[in-house]
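# Coordinate analysis (summary)
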Amino acid sequence: MPSRLFSPFTLRGLTLPNRIVVSPMAQYSGTTGNEATDWHLMHYGNFSVSGAGLMFFEATAVEPRGRVGRFDLGLWNDAQQESIARVIAFCRQHGQAKIAMQLAHSGRKGSTAQPWMGGKYIGPEEGGWHPISPGDIAFPGRPAPRMLDHAGLAEIEVFFVQATKRAEALGIDLIELHSAHGYLLHSFLSPLSNNRNDEYGGDIAGRMRFPLEVFTAMRAVWPEHKPLGVRVSATDWVEGGWTLQDSVVFAQELKKLGCDFICASSGGSSPDQQIDLGPGYQVPMARRIREDAGIPTIAVGLINEPAQADQALRDGAADLIAIGRGMSYNPRWAWHAAEALREPAAFPPQYARSHPSMRFGDFTKLPPTR
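Residues numbered from 1 in each chain as written. Predicted model: local features only at pLDDT ≥ 70, side-chain atom pairs only at ≥ 80, totals over all residues. Heavy atoms only, no water.

### Re the nonpolar core
The nonpolar side chains of a soluble globular protein tend to be buried with one another. We count it as follows: By nonpolar core is meant a set of buried Ala, Val, Leu, Ile, Met, Phe, Trp, Tyr and Cys residues that side-chain atoms within 4.5 Å join together. Each residue is placed in one exposure class: buried if its accessible area under a 1.4 Å probe, protein chains only, is under 20% of its type's maximum, exposed if it is over 50%, and partly exposed if it falls in between. Every residue pair with non-hydrogen atoms within 4.5 Å of one another is taken to be in contact.
Of all hydrophobic cores here, the largest spans 81 residues; its most connected members are F57 and I289. Setting aside its immediate chain neighbours within four residues, I289 contacts V232, A234, L244, S247, V248, A251, I262, A264, G294, I295 and T297. By size, the runner-up hydrophobic cluster in this structure holds 15 residues, among which are L54, F261, L320 and A322.

Shown next as structure tokens:
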């Protein structure tokens, strides 16, 4: 029986050749001006020819305070846009994967060192900045953030809109709005970080208000035929925090505004989180949102085996499967999955002779190339 993993999937005017997604993976390797480098050319060029149907650029900051660290990719000026265009041009020329971008703002978790340098907060005196947030609740180990006033909220919305327009100028196929992992938009959603007493705080309707406004503004300038989705932390994994049921309500509201999919991740708001880790541990969250909100979902998180990924799709838990760390460890995951599931996979012509059918030199069995 044909696999589900290697079947096509359509969102608006975008048809993906298969359901394998290269998840956004922060590289912290931009220039001091937050431009793409040769590392990104190698990194994304590699994934573009990997056989995956969709490849995400890492979380890309919409303004300087939106970076997690000083060397994140940014998309708020022409130089950054031109540097990313160079990478995209290579991926379009040689790769099969459609190209997506995750637009993000770090909020109260910003201004940190690179993970391999300890990931500690870096203050303004060291080249960092003072983080911003819906309220004044500090992420543990960080300074209390500056609370955004109404003018600040309007400014952030403009930053997201401008970055969306730049993504369209780059020819990006799909955008994901980052509203997860304790970053700015998630910090509006979660009671653990939002202690406002105005219309942008309080009950779930108030806490959802600003993320929904940002999404609405982005959808208004993003082409009608192109998909726009949202990554959520489906639960904070902390008592009194954001819950899976809250995520269902949020997804229902996003769907009304033209949201095309939800990527169901989790956690990130608090180091007190108690995550029940295991293979595919977030897949049930994707299923719940898909079923209760009636919206396509992307499942992500410890999905490492092809049969496991295919079964999640067959069970109706998700429509797409995103792989991050596993893909970074094995950039040819899609090729190996195709072999395991007895499906064809796209190979660039330069690599076609590496296909298993060539083990005995039978050139008549070369796989399809791009």
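### Considerations on the side chain of N194
The condition that has to hold: Each helix corresponds to a stretch of at least 4 residues labelled H or I by DSSP, and each strand to a stretch of at least 2 residues labelled E; elements are numbered beginning at the N terminus. In the analysis that follows, any N or O atom pair within 3.5 Å is treated as a polar contact, provided that within protein one partner can donate a hydrogen and the other can accept it, and provided that, for residues neighboring in sequence, both atoms belong to side chains.
Checked against the element boundaries, N194 lands in the loop between helix 4 (184–189) and helix 5 (204–221). For N194, a relative accessible area of 6% translates into the label buried. At a separation of 2.9 Å, a polar atom in the side chain of N194 contacts the main-chain carbonyl oxygen of Y200. When sequence neighbours within four positions are dropped, the list of residues in contact with N194 reads P134, I137, S187, F188, Y200, G201 and R207.

### Let's talk about the packing of helix 5 against helix 6 (residues 244–256)
The following threshold applies: Whenever a helix is involved, its axis is fitted only over the stretch in contact; in every case the axis is a line through C-alpha atoms, and angles between N-to-C directions fall within 0 to 180 degrees. Should an angle fall under 35 degrees it is called roughly parallel, over 145 degrees roughly antiparallel, and 65 to 115 degrees roughly perpendicular, with every other angle called oblique. The crossing is said to be left-handed when, going from far helix to near helix, the turn is anticlockwise and less than a right angle, and right-handed when the turn is clockwise.
Orientation of helix 5 relative to helix 6, taken along the N-to-C sense of each, is 40 degrees, at an axis distance of 11 Å. Judged by the angle between their axes, helix 5 and helix 6 are oblique. Crossing hand, helix 5 versus helix 6: right-handed. In contact with I204, M208, P211, L212 and F215 of helix 5, helix 6 contributes D246, V249, F250, E253 and L254.

### Some words on the pattern of salt bridges
One side chain can pair with another of opposite charge once the charged atoms of both are near each other. Put simply, the rule is: The term salt bridge refers to a side-chain nitrogen of Lys or Arg lying within 4 Å of a carboxyl oxygen of Asp or Glu.
Scanning all chains against the criterion turns up 16 salt bridges. Between E224 and R12 there is a salt bridge, with the nearest N and O atoms lying 2.9 Å from each other. With a gap of 212 residues between them, E224 in the loop between helix 5 and strand 9 (228–233) and R12 in the loop between strand 1 (9–11) and strand 2 (14–16) connect regions that are remote in the sequence. For R287, the salt bridge is made with E291, and the minimal N-O distance between the two is 3.5 Å. Here the residue R287 and the residue E291 both occupy positions in helix 7 (residues 283–293), the gap between them amounting to four residues, near one helical turn.

### Description of the sheet that holds strand 11 (residues 297–300)
The criterion, for reference: Strand pairing requires that DSSP identify at least two bridges connecting the strands.
Strands sit in the order 3-4-5-8-9-10-11-12 around a closed barrel of eight strands; the barrel is parallel. For this sheet the average axis-to-axis angle between neighbouring strands, irrespective of direction, equals 25 degrees. With seven bridges connecting them, strand 4 (residues 54–61) and strand 5 (residues 98–104) associate as parallel partners. For T60, the partnering residue across the bridge sits in strand 5 and is L103. Each of strand 5 and strand 8 (174–179) touches helix 3 (residues 150–169); the most contacted strand, strand 5, lies at about 165 degrees to it. The strands touched by helix 5 within the sheet are strand 5, strand 8 and strand 9, with strand 8 carrying the most contacts at an inclination of about 165 degrees.

### Quick look at the environment of M147
As for its position among the elements, M147 is in strand 7 (residues 146–147). With a relative accessible area of 45%, M147 lands in the partly exposed category. When the C-alpha atoms of M147 and V283 are compared, they prove to be 34 Å apart, with 136 residues separating the residues in sequence. Dropping the residues within four chain positions of it, M147 is found in contact with S133, P134, G135 and R196.

### A closer look at the packing of helix 3 against helix 5
Put simply, helix 3 and helix 5 touch, their axes get as near as 9 Å, and they point 35 degrees apart. For the crossing formed where helix 3 meets helix 5, the hand is right-handed. Counting all contacts with helix 3, which are made through L153, I156, E157, F160, V161, T164 and K165, the residues of helix 5 involved are F210, E213, V214, A217, M218 and V221.

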